[in-house]
Amino acid sequence: MKITQILAYQIDLPLHEARYNWSGGKSVSVFDSTVVRIETDAGLVGYGESCPLGSMYLPSHAGGVRAGLAELAPHLIGADPTQLGVLNQLMDSQLKGHPYVKSAIDVACWDILGQATGQPVCTLLGGRYGESVTLYRAISKESPEAMAAKVAGYRAEGYTRFQLKVGDNPDVDIERIHAVSEKLQPGDRLVADANTGWLPHDAMRVIRGVKDIDVYIEQPCLSYEECLSVRRHCAHPFVLDEVINDIGTLLRGHADLAMDVVNLKISKFGGLTKTKLARDLCVELGLAMTLEDTWGGDIVTAAIAHLAHSTPEPFRFTSTDFNSYVTVSIADGAPKRVNGTMAASTAPGLGIPPRLEVLGKPVLTFG
């Protein structure tokens, strides 16, 4: 099988809630997503999606996805999309770095492989564990009172895991954690995610200020070394995210006992192929995982569902359903939240035929 054409579409994804706010005054109201379509000489078509969280989160931005595709896609015409290892080596040889550009291509090729073999992607990734995947809800950074007030509404939608956005004034963040924790019920889980926003001394103040609360601390500081320093003085379970972006940093974090949970984002690693490698390594090392991506719509959510559903249940800390945050649906058959859970499609591939009328005309065409 050979790739005959690669097309890219740009789609805006507005949020149901007006804005999504995180540390350092950063916010997004409309996500700029890129959908990749890969056509083959066998008549099979696969889809992937890459949607950075603005330009202020990781070293990525929406325009960079499409600029990177313009550099990379011409080299992939004629390649076999079902040979995922060969394809990834080809991408890495033609474009150094920029994993978020490669992610949508890799996911689209997994979609094609699933269709070619008549199997859902989760089966190809290792099998389907359990009936569903438990989800968390991110609580956008606002006043302590506003954030606490949202918990009841999210719980009514079935969520029992909550990721609280913090990472600014430590006094206010302590109030945020206390206010939200008072709304929790037995069995709920709370994560305070600073998204690199604290200096180490601020992180230590917050940790002391919430010492009696059952809360996970996620990515308190910008650098790995700063996070490790905080970790060594922290009795709370610890999650690393932004600083774990490849196998080398994952192994370093495990060797240093730097985390209890690691956040694996598909586009941060460059697609399902490399994220699967990291996931399987975490299982062998005994590390629980949040399995997700930076952001996206139906296609990203489908990829998350397949990755998470193919992960042994004890290692699934949580995942998220990004398509429930946005107002635009770009594909049919995508996972839908049911009582705080979602499930991967049982159809071949990702199982998400796109809504071409929503995608509109391609902004890039190769081949």
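In this report, we go over the structure that sits alongside the text. Computed from a predicted model, the values in this text were never measured in an experiment. Residue positions are given per chain, counted from 1 along the sequence in the order it is written. Given that this is a predicted model, residues contribute local features only at a pLDDT of at least 70 and side-chain atom pairs are listed and counted only at 80 or more, while totals for whole chains, interfaces and linings are drawn from all residues. Based on all heavy atoms of the structure, the side-chain values leave hydrogens and waters out of the count.

A separate point is the sheet that holds strand β5 (residues 45-50). The antiparallel open sheet is built from four strands, whose spatial order is β5-β4-β1-β16. The open sheet has two edge strands with one neighbour each: β5 and β16 (364-366). Taken over all neighbouring pairs, the strand axes of this sheet differ in orientation by 20° on average, direction set aside. Taken strand by strand, helix α1 (residues 62-72) contacts β1 (3-14), β4 (30-40), β5 and β16, and its axis lies near 20° from that of β4. Any two residues having at least one pair of non-hydrogen atoms within 4.5 Å are treated as being in contact. A fitted line through C-alpha atoms represents every axis, and for helices the fit uses only the stretch in contact; the resulting angles, taken between N-to-C directions, go from 0 to 180 degrees. What counts as a helix is a DSSP run of H or I of at least four residues, what counts as a strand is a run of E of at least two, and both are numbered from the N terminus. Along the sheet, helix α3 (residues 99-117) contacts β4 and β5; its crossing angle with β5, the most-contacted strand, is approximately 150°. Two strands are said to pair when DSSP picks up at least two bridges between them.

Between α3 and helix α11 (residues 272-285), the shortest axis-to-axis distance is 8 Å and the interhelical angle comes to 90°. Looking at the two axes, α3 sits roughly perpendicular to α11. The segment α3 lies against α11, with D106, V107 and W110 engaging L272, T273 and K276. Classifying every residue of the contact of α3 with α11 by side-chain character gives three nonpolar, one polar and two charged. Throughout, the term roughly parallel applies to angles under 35 degrees, roughly antiparallel to angles over 145, roughly perpendicular to angles from 65 to 115, and oblique to all others. Each residue receives one of three labels: charged for Asp, Glu, Lys and Arg, nonpolar for Ala, Val, Leu, Ile, Met, Phe, Trp, Tyr, Cys and Pro, and polar for the others, Gly being one of them.

Attention shifts here to the packing of helix α2 (residues 84-94) against α3. With their axes 11 Å apart at the nearest point, α2 and α3 run at an angle of 160° to one another. For the element pair α2 / α3, the angle class is roughly antiparallel. Judged by the twist between their axes, the crossing of α2 over α3 is right-handed. Of the residues in α3, those touching α2 at L84, L87, N88, M91 and D92 are K102, I105, D106, C109, W110 and L113. Of the residues belonging to the contact of α2 with α3, the class tally is seven nonpolar, one polar and three charged. Each crossing gets its handedness from the near helix: less than a right angle anticlockwise from the far helix is left-handed, clockwise is right-handed.

Right, let's talk about the pattern of salt bridges for a bit. In what follows, salt bridge is the name for a side-chain nitrogen of Lys or Arg lying within 4 Å of a carboxyl oxygen of Asp or Glu. Considering all chains together, one arrives at 23 salt bridges under this definition. Note that D32 is salt-bridged to R66, the shortest N-O span being 3.0 Å. In this pair, D32 sits in strand β4 while R66 sits in helix α1, placing the two residues 34 residues apart along the sequence. To sort residues, take the accessible area from a 1.4 Å probe on protein chains only and compare it with the maximum for the residue type: under 20% means buried, over 50% means exposed, and anything in between is partly exposed. Owing to a relative accessible area of 24%, D32 belongs among the partly exposed residues under this scheme.

Note that all results are geometric; they support no functional claim without further evidence.
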